[in-house]
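# Structural overview for review
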Amino acid sequence: MVESIIPDYIGGSDRSINANLSTTLPFSRCSSTISGFGSASQIQAELGATKAAAFDLTAACSGFIFAMVTASQFIRTGTYQNILLVGADVLSRWVDWTDRRTCVLFGDGAGAMVMQAAESDRFLGFEIRSDGTRNECLTLAFQPQPRELVDGIRVGQGTFQPIQMNGQEVYRFAVKKVPEVIEKALFRSQLTVEQIDWLLLHQANQRILDAVAERLGIPAHKVISNMGKYGNTSAASIPLALDEVVRAGHVKPGDVIAAAGFGAGLTWGAAIFKWG
């Protein structure tokens, strides 16, 4: 999928990519393209982008926003001109299929975007945040079993437990913090809510999307939503949703997009940019 869409967006060869950022949940097994040691280098090799630096960035459902911010700084400093961002997660491996509170919410997915240097900077502003004191609200915990190697020296070996989520706390967190962080990003961009053409949120659940839009005063026809098709695909949800509306011809060059991600960590962030 990544290989097929890159020439469409950059109008050139995959080999012109300078850097590859993969925003993944790095806890899967060797049979997956998402590896515990990172997936970015695997993607780089598949594309034949031999000159690209590749690394993984982990911020769960906020990962794609954090990756966009990271890529923008590389571009602004002149270090790289073309950066491929990939958001991918395989959450079906980590849900408890007997827990209807979580298993019906999450899905698997991957999406990508290319950010490029240009004469005019269309990455207008951002704000990213984290609060580790609320980590327990959404976790994928490792459960070690002690193993003694030699007398007095033990290690913990085991596996990860299914995703645990306090849905009420995550909802309250999202509907309060996401509008705030979007407003801060708009302030940095010197824009107002009225100048937003599209609201692109992490596709967590429709109630959160509706509540955030209502608090910001953004009408429903400006809210991008496809979670009814795919569920919560974590780091993949923002590029997947954006790709659909771009291919459908709804998003036009020059449109102002307010994007925001939020999730495990807890982490959250927003980026304001012009498409095209």
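Now for a look at the structure at hand.

## Quick look at the pattern of salt bridges
Tallied over the full model, the rule gives nine salt bridges. Note that Glu 127 is salt-bridged to Arg 129, the shortest N-O span being 3.0 Å. Assessed through its relative accessible area of 7%, Glu 127 is described here as buried. Take Arg 129: its relative accessible area is 35%, and that puts it in the partly exposed class. Between Glu 169 and Arg 134 there is a salt bridge, with its nearest N and O atoms 3.7 Å apart. Taken together, the residues span a long stretch of sequence, with Glu 169 in helix α4 (residues 167-189) and Arg 134 in the loop between β5 (123-130) and β6 (138-139) at a distance of 35 residues. On the basis of relative accessibility, which here comes to 25%, the residue Glu 169 falls in the partly exposed class. Given a relative accessible area of 22%, Arg 134 falls into the partly exposed group.

## Here's the deal with the sheet that holds strand β11 (residues 223-224)
Read across the sheet, five strands follow the order β5-β13-β12-β10-β11 without closing on themselves; strand pairing throughout is mixed. Unpaired on one side and paired on the other, β5 and β11 mark the two borders of the sheet. The pairing of β5 with strand β13 (residues 267-274) spans seven bridges and is antiparallel. From the neighbouring strand, Arg 129 faces β13, where its bridge partner is Trp 268.

## Some thoughts on the side chain of Ser 189
As for its placement among the helices and strands, Ser 189 is situated in helix α4. On the basis of relative accessibility, which here comes to 11%, the residue Ser 189 falls in the buried class. Setting aside anything within four residues of it in sequence, one finds Ser 189 in contact with Leu 124, Gly 125 and Ile 272.

Conventions adopted
Residues numbered from 1 in each chain as written. Predicted model: local features only at pLDDT ≥ 70, side-chain atom pairs only at ≥ 80, totals over all residues. Heavy atoms only, no water. Salt bridge = Lys/Arg side-chain N within 4 Å of Asp/Glu carboxyl O. Buried < 20%, exposed > 50% of the residue type's maximum accessible area, 1.4 Å probe, protein only. Helix = DSSP H or I, 4+ residues; strand = E, 2+ residues; numbered from the N terminus. Pairing = 2+ DSSP bridges. Contact = heavy atoms within 4.5 Å.

This is a description of form; function is not addressed.
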